[in-house]
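Understanding the architecture of this molecule
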Amino acid sequence: MNICAPQLADLPPSCGFAAPTLRRQRVLAVGVIGPGRVGSALLDQLRAAQPRLARDSGLELKLCGVVASKRMWLDCDDTELNGRHGGAQIWRPNDLDAFAEHVRGDDGRHALLIDCSANDEVAAHYPRWLAAGLHVVTPNKLAGSGPLPRWRAIRAACASGARFRYEATVCAGLPVVQTLRDLLDTGDELLAVDGMFSGTLAWLCNRHDGRQPFSALVREAHALGYTEPDPRDDLSGLDVARKLVILAREAGWLLSLEDVDLEGLVPPALAALSRDGFMQQLDALDAPMAAKLAEARAAGGVLRHVAQLDRHGRASVRLQVLPATHAFAHTRLTDNIVQFSTRRYCDNPLIVQGPGAGSEVTAAGVFTDLLRIAESLEARA
């Protein structure tokens, strides 16, 4: 199992939350899975916000444990979970079921698990956790875009009263899923969703102006950390397709990844190579991308990587030539942008735009989901 791969030193200096001075009205037990970049940023945000939440909202966030790839830390072993390293810190072998039981406790408290991993095995536990009454929040796209039977099982498990929230699976901290949900819940009719869901591909399209080869831009983005370790994970468009499937399911279309008309930027010959082999042959992308740029300029438009869902549930992800007047022609560098066309917003679509990647904004999206769940909780003795 590979939830994430942090070393002990990667855990934040203190995972414990500051003890508030006022009497709490509501207590929410929290367990965090995956203390990588997003998980660690989240722990820092929760710890910093705890005094304010206790004072202004009467909410106590009780961190009960943290799970990494092979180890877990529980508050029963270390009440502060203060991140002491090496042999000084008490840890146990990773056991997700035992971890979930510990966070849930046996006192009838409200309990929530946050999965900041990108691990399919963790997502497979969601139905069981939700059925047991544990709320689940995640930026992990593998649940919302994975096999339909599992997605249905997750939905069915929420009948227990547990909440499943996943705003950060689409465009990190931007309110995309909630905006769509609000439109539909208030009786609006979805006509289309168009979006640029990849900060990496947005950056590449914005920078691809013919002054340097496309391969040079990919290498630059890779060096800056904008791409995944293997840039093909971005260039394939698969991650974008996952986000589109999540939105499609939210809108009531039971799509799978195989239903998305996906055109990636990596030809089959390069897709079959090792990562190092691909990086060595990046120049093979230059001619086709130069041709696409020329096509866009001849039409007086721009190149953008766009995901689309229409009112009939047809989904596509591909590089497109858009007119220079299009809203997507004026995005900034790594911005994500989503355009909702609805019965209410038909002449002037509703647009959500902003940073769609980064550990801090992704963690903030997860935090927002946690707070939405906490708002609905009743005080328990």
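An account of the accompanying structure is given in this report. (Residues numbered from 1 in each chain as written. Predicted model: local features only at pLDDT ≥ 70, side-chain atom pairs only at ≥ 80, totals over all residues. Heavy atoms only, no water.)

What about the layout of surface pockets?
- Roughly 1600 Å³ of internal volume is contained in the largest pocket.
- Considering the residues around the largest pocket, the lining is formed by 48 residues, among which Arg37, Ala118, Lys141, Glu228 and Asp239 are closest to the centre.
- Of all the elements in the fold, those that place two or more residues in the lining of the largest pocket are helix H1 (37-57), helix H5 (141-144), helix H8 (199-207), helix H10 (232-235), helix H11 (238-250) and helix H15 (359-375).
- Here the element with the most residues in the lining of the largest pocket is H11; it accounts for 5 residues.
- When grouped by side-chain class, the residues that make up the lining of the largest pocket number 20 nonpolar, 19 polar and 9 charged. (1 Å grid on protein atoms, 1.4 Å probe; cavity = no way out; pocket = protein on both sides within 12 Å on 5 of 7 lines; lining within 4 Å. Points joined across faces, edges and corners; volume = space filled by probe spheres on them. Helix = DSSP H or I, 4+ residues; strand = E, 2+ residues; numbered from the N terminus. Nonpolar A, V, L, I, M, F, W, Y, C, P; charged D, E, K, R; others polar.)

Observations regarding the environment of Gly39
- If you trace the backbone, Gly39 turns up in helix H1.
- Overall, the relative accessible area of 1% leaves Gly39 in the buried class.
- It is 31 Å that separates the C-alpha atoms of Gly39 and Arg318, two residues lying 279 residues apart in sequence.
- Gly39 has contacts with Gly34 and Cys116, leaving out every residue within four places of it along the chain. (Buried < 20%, exposed > 50% of the residue type's maximum accessible area, 1.4 Å probe, protein only. Contact = heavy atoms within 4.5 Å.)

Some details on the side chain of Asp335
- When you line up the elements, Asp335 lands in strand E12 (residues 335-342).
- Buried Asp335, no salt bridge; nearest opposite-charge side chain is Arg332, N-O distance 5.4 Å.
- When neighbours within four sequence positions are excluded, Asp335 is seen to be in contact with Ala202, Gln353, Gly354 and Pro355. (Lys, Arg positive; Asp, Glu negative; His and termini not counted. Salt bridge = Lys/Arg side-chain N within 4 Å of Asp/Glu carboxyl O.)

With respect to the pairing of strand E8 (residues 190-196)
- The buried count for E8 comes to 6 of 7 residues, which makes it a mostly enclosed element.
- Alignment of E8 against E12, held across 6 bridges, turns out to be antiparallel. The residue bridging Leu190 from the neighbouring strand is Thr342, located in E12.
- Sheet topology places E8 next to strand E10 (residues 301-310); 4 bridges connect them, and they run antiparallel. Paired with Gly195 across the strands is Ala307, a residue of E10. (Pairing = 2+ DSSP bridges.)

Describing the environment of Tyr166
- Among the structural elements, Tyr166 can be located in the loop between strand E7 (164-165) and helix H7 (176-185).
- Discounting residues that sit within four places of it in the chain, Tyr166 has contacts with Thr138, Arg155, Val177, Ile246, Glu250 and Asp369.
- There is a polar contact of 2.6 Å between the side chain of Tyr166 and the side chain of Arg155. (Polar contact = N/O pair within 3.5 Å; in protein donor to acceptor, adjacent residues only side chain to side chain.)

Topic: the sheet that holds E10
- The strand order across the open sheet built from 6 strands is E9-E11-E10-E8-E12-E13, with neighbouring strands paired in mixed fashion. Two strands close off the open sheet at either side, each with one partner strand: strand E9 (260-262) and strand E13 (350-355). Strand-to-strand, the axes of this sheet are offset by a mean angle of 30°, without reference to chain direction.
- Most of the contacts of H8 go to E10, to which it runs at about 150°, and overall it touches E8, E10, strand E11 (315-323) and E12.
- Lying over the sheet, H11 contacts E8, E9, E10 and E11, oriented at roughly 40° with respect to E10. (Axes fitted to C-alpha atoms, helices over the stretch in contact; angles between N-to-C directions.)

Digging into H7
- For H7, the full list of buried residues reads Val176, Val177, Gln178, Thr179, Leu180 and Leu183.
- Buried residues along H7 sit in contact with E7, E8, H11, E12, E13 and H15.
- Two residues or fewer after H7 comes Gly187, characterised by a positive phi angle close to 90°.

So, the sheet that holds E7
- Pairing is mixed across the open sheet formed by 7 strands, whose spatial order is E4-E3-E2-E1-E5-E6-E7. Since the sheet does not close on itself, it has two edges, and those belong to strand E4 (92-93) and E7, each with one partner.
- Pairing of strand E5 (residues 110-115) with strand E6 (residues 135-137) involves 3 bridges; the strand directions are parallel. Counterpart to Leu113 in the pairing with E6 is Val136.

What to know about the nonpolar core
- With 73 residues, the main nonpolar core has Tyr126, Trp129, Val176, Leu204, Leu235 and Phe340 as its most contacted residues.
- Setting aside anything within four residues of it in sequence, one finds Leu204 in contact with Phe214, Leu217, Val218, Ala221 and Leu235.
- Grouped together as the second largest cluster of nonpolar side chains are 29 residues, Leu28, Cys116, Ala363 and Ala374 included. (Core = buried A, V, L, I, M, F, W, Y, C linked by side-chain atoms within 4.5 Å.)

Digging into the packing of aromatic side chains
- Considering all chains together, one arrives at 4 aromatic pairs under this definition.
- Ring centres 5.7 Å apart and planes at 55° place the aromatic pair Tyr126 and Phe164 in the tilted group. A residue pair is termed long-range when its members are at least 10 positions apart, and Tyr126 in helix H4 (residues 126-131) and Phe164 in strand E7 qualify at 38 residues.
- A relative accessible area of 0% places Tyr126 in the buried class.
- Look at Phe164 and you get buried, because its relative accessible area is 12%.
- With a centroid separation of 5.4 Å and an interplanar angle of 70°, the aromatic rings of Trp203 and Tyr226 are classed as edge-to-face. (Phe/Tyr/Trp six-rings, centres within 6.5 Å; stacked < 30°, edge-to-face > 60°.)

Function cannot be read off these values alone, since they describe shape.
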